[in-house]
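# Fold and contact review
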Amino acid sequence: MIQLENIQKIYRTRNIETIALDKVNLDIKKGEFVSVMGPSGCGKSTLLNIMGLLDKPTEGSISIDDIHIGKQNDGKLAQLRNEKVGFIFQRFHLINSLNIIDNVELPLLYRNMSGSKRKKLAAENLERVGLSHRMKHFPSELSGGQCQRVAIARAIAGNPGILLADEPTGNLDSRMGNDIMEILKQLNTNSNMTIVMVTHDENLAKQTNRIIRFFDGRQVN
Amino acid sequence: MWKTTIMQFFKIIFKNKFFTFLNLFGISITIMIILIAAVKIENTIWPGGPEENNNNILFVRNQVISSDEQMSMGGVNLTLIEDYILNMKTPQAIAFFNETRWSYFGENGVEEYSVKKVNSGWWQVFDYEFIEGRPINQVEEKNSANVVVIDEKVRNRFFPNEKSVGELIEISGKTYKIVGVVKEIPNNCVTTHANIFIPYVLTDGYYRGMMETGSFSVAFLSTDKANKKLIKDEFENIRLRIIPLLDEGFTLRFGGPDSPLERYLRGWENPDSYIGHTNELLIIIGKFLLVMLLPALNLISIQLIRIHERSEEIGVRKAFGASRKRLIRQILFENTLLTFLGGILGLLFAVIVVYGFNDFIVSTLFNDIGTNISISINYVLFLICLISSLILSFISGMIPAVKMSRVQPVEVLKGGEL
Ligand SMILES: Nc1ncnc2c1ncn2[C@@H]1O[C@H](COP(=O)(O)OP(=O)(O)O)[C@@H](O)[C@H]1O
Ligand SMILES: [Mg+2]
């Protein structure tokens, strides 16, 4: 599902070169649930951003769902993100001025889809995370755990094959964190979603199919 | 897609009341001010009342006699009027007037009345509403009869509750017989407004030499465009015939004949400044655009400030599949819609001010109380304002929109431990 070959990412700022990723090779199969672990600053987020086509590697090649990512223009990349990938962030990043259902609808806005179909899909996905009774609420009126559930509903609303979660439980207490983990596991088993999750929590990582460890931009297994 | 964009737009602007207010304020106040200024300008150029049909009237306000060293400017000379202008064939009617004041020392102190000295053609060129009697006629003019037309205000002051036609009235030490009473004339009818009208022939001591400027203004009644052209040509002919009669080295120019708009553009002070009304119109349009630019600049600066505030939203949208093009489109669309709302709001304000506070506006703009100047909003101008502000906001919105679309999701959606 996701192939990374020889991926290198170098940040150059004022004479300082940071090698965020160094010759990373990864093959993540369809339906796999992978966790990424490693100390802070070792390049985990950079890895996810590159997988999610939000960032471009300095060197190396990527394929997503057998599509080789090369010289696609901004519009094409946006479309691929829209169809193939759903993001979940540590700090949720819901749009505060929109209510819950509108937030979940977001990825569907960038598809050719009628308004009623979008609303229906958004409502269905809110139901999957158990928040259909909060459709008209605003993010500021929800708890952290609820916000992350909304974020998950948003990430899966467009039915992407891949979920990229960057420390999805990092801002939550362990009980809420476990709730989120349960939802992700279900999405993995029931909907066969490929999930890559960055986490610092060994307990959560143990529940996934595979743990990839990073240190200083390198994979260390 | 547009429907959702519009819905989301409304949700976003209501959640960001402060910025929405700033944006709307700029555009709506500008449009309101332009609409109210237009009320003033329009009612100055086309004041209605006796000047209701002034688009058929050509005005000659003043004359300039000049040589390389000297220049004198003043009203039109009476000899010139009587010996040349009155002989013109092309106008339907010819009016001329000058004005003075009459100070009446009554029980309650000094009362000021405006007096116009007019010819008999006056009443043909302008359209007064008589509530009693009739205009001064040609026979009375020829015989220098001591007759007068007064307005409602003078009648009510000196002949309360009675008919006044046929009565005598003493003005500045002379006694006149009243032949007619006209409805009070609004203040914005600068040309036709007066409390008292007397035949110009009753005064003497006018300057008569060709080298002198006089004290009169002239108005020609025309039928149509072609007729106006003929009048202008005939008038130009007179000018060319008179120049040789002046002293060596002098030339003669007139402030006119002008249509109401041309007369407004020419202004009082300096007939020489008048280059041709197309030029002046361009200047007015330029000023208008300059004013319209203000809300556009307001919009740019507000949007630029908002980039920071909205960067999270932009980053999220990009992460979930919005292309840069799509975001630019969204932001431009939002600006345009906001500007549109601002425009409608501006119209609403103007309507409230102009119709809701009618008396206040009339007395402020025209220094007039009680004569019911009927003012109205120019909706064509509103459309022009709206469209030009939409275009300007679209163009100026490009800068912040492109900047916003450049926001990098990676930068604004940093996860991790911060
Ligand atoms: N935009 C950037 N400019 C310069 N250096 C960066 C940038 N983003 C990340 N880095 C550096 O790259 C390394 C990896 O960062 P990141 O992927 O965020 O690590 P993690 O998510 O594992 O904490 C860090 O040393 C970080 O300082
Ligand atoms: Mg990170």
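Residues numbered from 1 in each chain as written. Chains lettered and ligands numbered in written order. Predicted model: local features only at pLDDT ≥ 70, side-chain atom pairs only at ≥ 80, totals over all residues. Heavy atoms only, no water.

### Topic: the pattern of salt bridges
Evaluation of the coordinates by the stated rule reveals 24 salt bridges over all chains. Here Glu 105 of chain A and Lys 119 of chain A are joined by a salt bridge, their closest N and O atoms 2.6 Å apart. Residue Glu 105 of chain A is located in helix 3 (residues 100-109), and its partner Lys 119 of chain A is located in helix 4 (residues 115-128); the two are separated by 14 residues in the primary sequence. Put simply, Arg 310 of chain B and Glu 334 of chain B hold a salt bridge, and the shortest N to O gap is 2.7 Å. Of the two residues, Arg 310 of chain B sits in helix 9 (residues 277-319) while Glu 334 of chain B sits in helix 10 (residues 324-356), which places them 24 residues apart along the sequence. With respect to burial, Arg 310 of chain B and Glu 334 of chain B carry one shared label: buried. (Salt bridge = Lys/Arg side-chain N within 4 Å of Asp/Glu carboxyl O. Helix = DSSP H or I, 4+ residues; strand = E, 2+ residues; numbered from the N terminus. Buried < 20%, exposed > 50% of the residue type's maximum accessible area, 1.4 Å probe, protein only.)

### Details of the sheet that holds strand 9 (residues 210-215) of chain A
Residues and elements named next belong to chain A. A sheet is described by the order of its strands in space; here six strands give the open sequence 6-7-8-3-9-10, paired in mixed fashion. One side of each edge strand has no neighbouring strand; the edge strands of this open sheet are strand 6 (85-88) and strand 10 (218-219). Examined bridge by bridge, strand 6 and strand 7 (residues 162-166) share four bridges and lie parallel to one another. By the bridge assignment, Gly 86 is partnered in strand 7 with Leu 163. Of the strands in this sheet, strand 3 (33-37), strand 7, strand 8 (194-198) and strand 9 are in contact with helix 1 (residues 44-51), which crosses strand 7 at around 155°. Those strands touched by helix 2 (residues 74-84) are strand 6 and strand 7, and its axis lies near 75° from that of strand 6. (Pairing = 2+ DSSP bridges. Contact = heavy atoms within 4.5 Å. Axes fitted to C-alpha atoms, helices over the stretch in contact; angles between N-to-C directions.)

### Notes on the site of ligand 1
Inspection of the region around ligand 1 gives 12 residues, with Gly 41, Gly 43, Lys 44, Ser 45 and Thr 46 of chain A positioned closest. More than one chain reaches ligand 1: the nearby residues come from chains A and B. Contacts to ligand 1 include Cys 42 of chain A, whose backbone N or O atom sits 3.3 Å from an oxygen atom. Isolated, ligand 1 exposes 560 Å² of accessible area, and the fraction of that covered by the protein chains is 72%. Where the shell around ligand 1 is concerned, the elements lending two or more residues are strand 2 (16-28) and helix 1 of chain A. By residue number, the principal contributor to the shell around ligand 1 is helix 1 of chain A, which donates three residues. Across the shell around ligand 1, the residue classes break down as three nonpolar, six polar and three charged. (Near = heavy atom within 4 Å. Polar contact = N/O pair within 3.5 Å; in protein donor to acceptor, adjacent residues only side chain to side chain. Areas by Shrake-Rupley, 256 points an atom, 1.4 Å probe, with all protein chains shown as cover. Nonpolar A, V, L, I, M, F, W, Y, C, P; charged D, E, K, R; others polar.)

### Side note on helix 11 (residues 358-366) of chain B
All names here are of chain B. Three or more residues of helix 11 are buried, namely Ile 361, Val 362, Leu 365 and Phe 366. For helix 11, the arc enclosing every buried residue in end-on projection is 100°, short of the 170-degree limit, so these residues lie on one face. Exposed side chains of helix 11 directed beyond 90 degrees from the buried face belong to Asp 359, Phe 360 and Thr 364. Close packing links the buried residues of helix 11 with helix 2 (17-45) and helix 10. Looking at the residues trailing helix 11, positive phi occurs at Asn 367, about 55°. (Arc of directions from axis to C-beta.)

### Details of the confidence of the model for chain B
Predicted confidence across chain B gives a mean pLDDT of 84, with 93% of residues reaching 70 or more. As scored by the predictor, the complex reaches a pTM of 0.75 and an ipTM of 0.94. (pLDDT = per-residue confidence, 0-100.)

### Digging into the nonpolar core
Counting residues in hydrophobic clusters, the biggest one holds 86 residues, and the most contacted among them are Ile 2, Leu 47, Met 51, Leu 126, Leu 163 and Leu 184 of chain A. Broken down by element, this core gets its largest block of residues, eight residues, from helix 5 (residues 144-157) of chain A. If we skip the residues at most four places from it in the chain, Leu 47 of chain A touches Leu 4, Leu 21, Val 24, Leu 26, Val 36 and Phe 214 of chain A. With 27 residues, the next largest nonpolar core counts Ile 27, Ala 296, Leu 347 and Val 354 of chain B among its residues. (Core = buried A, V, L, I, M, F, W, Y, C linked by side-chain atoms within 4.5 Å.)

### What about the domain arrangement of chain B?
Residue and element names in this part refer to chain B. Split by domain assignment, chain B resolves into domain 1 (2-47 + 280-413) and domain 2 (62-254). A straight line from the C-alpha centre of domain 1 to that of domain 2 covers 47 Å. Of the residues lining the interface, seven residues belong to domain 1; the matching set on domain 2 comes to six residues. Across the domain 1-domain 2 interface, the total number found is zero salt bridges. Scanning the region where domain 1 abuts domain 2 turns up one residue pair in polar contact (both at pLDDT 80 or more). Partitioning the side of domain 1 that touches domain 2 into residue classes produces three nonpolar, three polar and one charged. (Domains from an automatic or database assignment.)

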